[in-house]
Amino acid sequence: MPKSKVRKKTAYTPPADRKTPVKVAAAGPSPLPYKIVMFGLMLLGLLWLVVNYLAGDKIPFMLELGNWNFAIGFALMISGLLMTMKWR
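Predicted, not measured: the structure shown is a model, and the values here were computed from it.

(A) Looking closely at the side chain of serine 30. The residue serine 30 is located in the segment before helix 1 (32–55) in this model. Residue class for serine 30 comes out buried when judged on its relative accessible area of 8%. Within the structure, the side chain of serine 30 is placed 2.8 Å from the backbone nitrogen of arginine 88, a separation counted as a polar contact. Not counting the four nearest positions on each side in its chain, serine 30 is found in contact with Lys35, Lys86, Trp87 and Arg88.

(B) Looking closely at the packing of helix 1 against helix 3 (residues 68–83). Two elements in contact, helix 1 and helix 3, have axes separated by 8 Å at closest approach and are oriented at 160°. In this view, helix 1 runs roughly antiparallel relative to helix 3, as classed from their interaxial angle. The chirality of how helix 1 crosses helix 3 is left-handed. Contacts from Tyr34, Val37, Met38, Leu41, Met42, Leu44, Gly45, Leu46, Trp48, Leu49, Asn52 and Tyr53 in helix 1 reach Asn69, Phe70, Ile72, Gly73, Phe74, Leu76, Met77, Ser79, Gly80, Leu81 and Met83 in helix 3. Class assignment of the residues belonging to the contact of helix 1 with helix 3 gives a composition of 17 nonpolar, six polar and no charged.

About the thresholds
- Residues numbered from 1 in each chain as written.
- Predicted model: local features only at pLDDT ≥ 70, side-chain atom pairs only at ≥ 80, totals over all residues.
- Heavy atoms only, no water.
- Helix = DSSP H or I, 4+ residues; strand = E, 2+ residues; numbered from the N terminus.
- Buried < 20%, exposed > 50% of the residue type's maximum accessible area, 1.4 Å probe, protein only.
- Polar contact = N/O pair within 3.5 Å; in protein donor to acceptor, adjacent residues only side chain to side chain.
- Contact = heavy atoms within 4.5 Å.
- Axes fitted to C-alpha atoms, helices over the stretch in contact; angles between N-to-C directions.
- Parallel < 35°, antiparallel > 145°, perpendicular 65-115°, else oblique.
- Left-handed = near helix turned anticlockwise from the far one by under 90°.
- Nonpolar A, V, L, I, M, F, W, Y, C, P; charged D, E, K, R; others polar.

The structure is reproduced here in structure tokens:
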């Protein structure tokens, strides 16, 4: 079987129209109020659901909301969880 010829590749040179990469300054840690609000929303949503299960029938405004209590509790928890994506 004949031996294949070896091809030499030229060195890669980036096109001239590309810009040099710019380094982005590293962001510092999240401020304390951001963390308090984030964890507070998650805990408030959990607390809302627990109170709804334990005493929802004894609290007049929770009784009027009915199944919307689940939406409120989960919305609070999800908004806190969404805040974790920007937490540094």
